[in-house]
Amino acid sequence: MAYFDLKKIYKDVFGTDPPKKYSIAVARPEERFSRLGQPYNQQDIYGREFFLPITLNGYLLPFATLEITCKKTIVHTTLPEQLGTVKEIVGRDDFQITIKGIAVNDNNIFPETEIAELEKLFDPGTRLIMRSVISDIFLKGDHAVVVTDFKLLKPSSGAQNARPYEMTLESDDVYTLELS
């Protein structure tokens, strides 16, 4: 385990000694799992460790990043002879999720197998189960998502064994409608 002089780091960042009443001499032990049971770190098939792993139907997306956005559905009603509107919050839209990653093959060859695995996730009608520290906070129930867009991006470097990709997904909650 690496050693960090937290008092020195505090002084370098804030320009003063840390407060006396707080002890930062020892860092807290590293947490391995989130409150919801997802691992903070994982190793890919080549043994490389990375932070905040993402899985779709159990398929590990190594070195991928995750962005989640959501909007409320709001009905605006204009009142005669009044400034502004009355806002009625009707609900919330689906979560929009963007995953950006790199398909990598460590044998210095084009990552054909890795890209084919990603393409399988885009099959029509496929409902995926997404698990990660971040998505578990937002996705409730069975953590279901559907892939709406998939882009295999142009590489920014000449590396032949790595190809960037981007996926857009939506949350896919199950609702039970009852007739009365």
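One can find the structure itself at the top, above this paragraph.
Residues numbered from 1 in each chain as written. Predicted model: local features only at pLDDT ≥ 70, side-chain atom pairs only at ≥ 80, totals over all residues. Heavy atoms only, no water.

Moving on, we get to the overall build of the protein. Secondary structure summary: the protein contains 3 helices and 11 strands in total. Mapped in sequence order, the helices and strands of the protein form the string α-β-β-β-β-β-β-β-β-α-β-α-β-β. Computed over the C-alpha atoms, the radius of gyration of the protein is 23 Å, more than 25% above the 16 Å expected from 2.2 N^0.38 for a compact globule of 180 residues. Seen along its three principal axes, the alpha-carbon backbone of the protein occupies a region of about 65 × 55 × 35 Å. Residues counted as buried form 24% of the 180 residues belonging to the protein. Expressed as a percentage of contacts within the protein between residues at least 6 apart in sequence, the contacts between residues at least 24 apart total 52%. (Helix = DSSP H or I, 4+ residues; strand = E, 2+ residues; numbered from the N terminus. Rg over C-alpha atoms; globule rule 2.2 N^0.38 Å. Buried < 20%, exposed > 50% of the residue type's maximum accessible area, 1.4 Å probe, protein only. Contact = heavy atoms within 4.5 Å.)

We now examine the nonpolar core. Of all hydrophobic cores here, the largest spans 20 residues; its most connected members are L56, L61, I97, I99, M130 and M167. Not counting residues up to four positions away in its chain, the partners in contact with M130 are I54, T55, L56, L66, I97, I99, S135, D136, L139, H143 and V145. (Core = buried A, V, L, I, M, F, W, Y, C linked by side-chain atoms within 4.5 Å.)

This part is about the pairing of strand β10 (residues 144–152). Bridge count between strand β9 (residues 128–131) and β10: 2 bridges; the pairing is antiparallel. Bridge pairing in β10 places I129 opposite A144. (Pairing = 2+ DSSP bridges.)

The tally for this structure, following the rule as stated, stands at 4 salt bridges. Across the pair K120 and E117 runs a salt bridge whose closest N-O atoms are separated by 3.2 Å. Of this pair, K120 and E117 both sit in helix α2 (residues 112–120), 3 residues apart, roughly one helical turn. You can call E117 partly exposed: its relative accessible area is 28%. Note that D172 is salt-bridged to R127, the shortest N-O span being 2.8 Å. Of this pair, D172 sits in the segment after β11 (162–171) while R127 sits in the loop between α2 and β9, placing them 45 residues apart in sequence. Each of R127, D142 and D172 takes part in a single network of salt bridges with overlapping partners. (Salt bridge = Lys/Arg side-chain N within 4 Å of Asp/Glu carboxyl O.)

Next up on the list: the environment of N161. Along the chain, the position of N161 falls in the loop between β10 and β11. For the pair N161 and T113, spaced 48 residues apart in the sequence, the C-alpha separation amounts to 11 Å. Excluding residues that lie within four positions of it along the chain, N161 makes contacts with A103, V104, N105, N108, I109 and P111.

With that settled, the discussion passes to the environment of I134. Summarising the element assignment, I134 is placed in helix α3 (residues 133–138). For I134 and Q43, which are 91 residues apart along the polypeptide, the C-alpha to C-alpha distance reads 18 Å. Leave out the neighbours within four places in its chain, and I134 touches L52, L66 and I68.

What follows is about the sheet that holds strand β5 (residues 65–69). If you trace the 7 strands from one edge of the open sheet to the other, you get β4-β3-β9-β10-β11-β8-β5, paired in antiparallel fashion. Since the sheet does not close on itself, it has two edges, and those belong to β4 (59–61) and β5, each with one partner. Each adjacent strand pair in this sheet contributes to an overall mean axis angle of 35°, direction not counted. Here β5 pairs with strand β8 (residues 96–104) via 5 bridges, running antiparallel. When the bridges of β8 are listed, L66 appears paired with I99. (Axes fitted to C-alpha atoms, helices over the stretch in contact; angles between N-to-C directions.)

At L52, a position not held by glycine, the phi torsion is positive, near 55°. Under the relative-accessibility criterion, L52 is labelled partly exposed at 22%. With phi around 60°, E81 is a residue other than glycine that occupies positive phi space. Considering the arrangement of structural elements, one finds E81 in the loop between β6 (72–78) and β7 (85–92). Judged by its relative accessible area of 82%, E81 falls in the exposed class.

Further remarks concern the packing of aromatic side chains. In this description, an aromatic ring pair is defined by two values, namely the gap between the centres and the angle between the planes. Enumeration over the complete set of coordinates arrives at 3 aromatic pairs. Judged by centre distance (6.5 Å) and plane angle (15°), the ring pair of Y40 and F51 falls under stacked. You can see Y40 sitting in the loop between α1 (6–14) and β1 (41–43) and its partner F51 sitting in strand β2 (residues 49–51), a full 11 residues away along the chain. (Phe/Tyr/Trp six-rings, centres within 6.5 Å; stacked < 30°, edge-to-face > 60°.)

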